[in-house]
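The chain contents come next:
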Amino acid sequence: MFSLLVDLINAPRDAVNIDKGQKRSFSSSIIDAVLLVYTLAFWFFRVGELVPMMNTYPLEFWTSLIGVLSLRLLFHNGMMGPLVHLAALIALVYAMDVYFVKPLPAVDEINATKTVFITGANSGVGFETARQLVVNYGLNVILGCRSLSKCNAAADAINANAKKGSASPLLIDLSNFDSVKQAAAQLSEQKIDALYNNAGYAPDLGIPVNEYMLDPSFTTMHLGPYLLTELLLQTNPSLRVVNTSSGTHHLCAIPFAYLPENLLHLIEWNPGCVDEQFLQFGISTPTDSGAYFQAKIANVMHAVSIPHNHPRATSVAIDLGWVGTSILPWMKMSISSTSMKLMRNAQTGVSPAIHAILSSDEELLDGLGKNRIWNDGGVIMNTLGRTEEAYSLSFWTGKLSRDRMLELGRKLWVTSERIISSIN
């Protein structure tokens, strides 16, 4: 990113200069082109970490950017420019993955008697979060999975390295409300300290409505977790609820804040994504191009609304950014986006989940104002492991202000409650 502007400006001139036999060598131009492509890819995949870094550490970020751009311009000819570019990228990866990431809680600060239930726990983010909680912190973690055989295998893999805590399997299919109720009934026999609603997927376009005549992706990623959360709160009123959301929920506002009116027709989802029209009609249609964004903004709305409806509960919607898991087939390749540092690996990427599950109530509200209390609503956590108020960035404004989104969150709660009641 640091030299993207310089490279974009100079790329056409470089191509002409090669033909003219200019001083820069052909190999240097090839290296520049490779670095440019990599930088563009880096920006695309890691914008979820770059944005909070710019917001949290603006002085450090912009000072570094100006410094690197200046050096890149100064050493444009020869190999020194690409070396500056490469060094900047290496430093940026270190800053995002190590330096600016909030340190994980110390093991001796955590109550090892806690029990955590994690959905989607047999692979990816769910598995790695469970592994760290059991192996590193000695907690008891219940793994929620759709496949019992995969769940057993995941539990065995974790327990093989556990010294104090343990992992145990539990069958649950969040797309099936009966399965959710059966799992909650089994969990009602023990105290659950934290629920991590992690299960999710990137839905294909045009998946037909399910047996409930609902959008299947919204059912799995919001309505199923909503039902599970409500059932667990009946026996665990002080439950910590963590929802895996995504930085893509901001796309429910960004286009409507910055695009001119004559281009808004190109956006196929509604302002705010989960608005009155979606709640009345869209929730009962096949998946569309906005399905993932609708589910992810619903995860934020749900987390914000939980303390309003359950005063003893606390809730966090987390943004993990792009994490190298198996959610998409191309992430499984041997030369992957993770190995190229275009994404965080799972070990680093789950740090917001660990913070959201283990941090105290006071720590999660730290920095949000001295009068901030949980009854004001749940919070969100960025990729650096730091909490923020939902809908607080500059593009959540006008017709998509924080007050408007809180209103839509209340309407989503009422609609979710109505749907679950009508099916039950």
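Residues numbered from 1 in each chain as written. Predicted model: local features only at pLDDT ≥ 70, side-chain atom pairs only at ≥ 80, totals over all residues. Heavy atoms only, no water.

Caption draft 1: Spotlight on the overall build of the protein chain. A tally of helices and strands in the protein chain yields 15 helices and eight strands. Taken over C-alpha atoms, the radius of gyration comes to 23 Å for the protein chain, in line with the 22 Å a tight globule of 424 residues would show. A principal-axis box enclosing the C-alpha atoms of the protein chain has dimensions of 75 × 55 × 45 Å. Looking at the protein chain as a whole, 51% of its 424 residues qualify as buried. (Helix = DSSP H or I, 4+ residues; strand = E, 2+ residues; numbered from the N terminus. Rg over C-alpha atoms; globule rule 2.2 N^0.38 Å. Buried < 20%, exposed > 50% of the residue type's maximum accessible area, 1.4 Å probe, protein only.)

Caption draft 2: The packing of aromatic side chains, seen in detail. According to the stated counting rule, one finds 13 aromatic pairs in the structure shown. Geometrically, the ring pair formed by phenylalanine 177 and tyrosine 212 is stacked, given 4.4 Å between the ring centres and 20° between the ring planes. Taken together, the positions of phenylalanine 177 in helix α7 (residues 177-187) and tyrosine 212 in the loop between β4 (194-197) and α8 (216-235) put the pair 35 residues apart, joining distant regions of the chain. Tyrosine 212 carries the same exposure label as phenylalanine 177, and that label is buried. Taken together, the ring pairs connect Phe44, Phe45 and Trp322 into an aromatic cluster. (Phe/Tyr/Trp six-rings, centres within 6.5 Å; stacked < 30°, edge-to-face > 60°.)

Caption draft 3: Structural context of the state of the cysteines. Per the counting criterion, the structure on display carries two disulfides. Residue cysteine 145 pairs covalently with cysteine 151 via a disulfide, S to S 2.3 Å. The disulfide joining cysteine 145 to cysteine 151 has a torsion of about 65° about its S-S bond and is therefore right-handed. The two residues cysteine 145 and cysteine 151 agree in class, both being buried. Between the sulfur atoms of cysteine 252 and its disulfide partner cysteine 273 the distance amounts to 2.1 Å. Between cysteine 252 and cysteine 273, the S-S dihedral sits near -100°, and the bridge is therefore left-handed. In this pair, cysteine 252 is assigned in the loop between β5 (240-244) and α9 (254-258) and cysteine 273 in the loop between α9 and α10 (276-280), connecting sequence segments 21 residues apart. (Disulfide = S-S within 2.5 Å.)

Caption draft 4: Geometry of α8. Spanning 20 residues, α8 covers 28 Å between terminal C-alpha atoms, matching the ideal 28 Å at 1.5 Å per step. The principal kink in α8, of about 30°, is found at leucine 223, preceding the proline proline 225 by one to four residues. Of all 20 residues in α8, 17 are buried; the element is thus mostly enclosed. (Expected span 1.5 Å × (residues − 1). Bend = angle between axes of the 7 residues up to and from the residue.)

Caption draft 5: View of the environment of serine 149. Summarising the element assignment, serine 149 is placed in helix α6 (residues 148-159). Distance in space between the C-alpha atoms of serine 149 and proline 169 is 9.2 Å, their sequence separation being 20 residues. A distance of 3.1 Å separates polar atoms of two side chains, one belonging to serine 149 and the other to serine 147. (Polar contact = N/O pair within 3.5 Å; in protein donor to acceptor, adjacent residues only side chain to side chain.)

Caption draft 6: The arrangement of α7 in detail. Those residues of α7 not exposed but buried are Phe177, Ser179, Val180, Ala183, Ala184 and Leu187. All buried residues of α7 lie within an arc of 155° about the axis, which places them on one face of the element. If you check the start of α7, you find a side-chain oxygen 2.9 Å away from the backbone N of aspartate 178, and it comes from asparagine 176. (Arc of directions from axis to C-beta.)

Caption draft 7: Spotlight on unusual backbone geometry. With a phi close to 70°, cysteine 273 is a non-glycine residue in the positive phi region. Residue cysteine 273 is classed as buried on the basis of its relative accessible area, which comes to 1%. Positive phi, normally seen in glycine, also occurs at lysine 341, with a value near 65°. Of note, lysine 341 is situated in the loop between β6 (314-318) and α12 (346-349).

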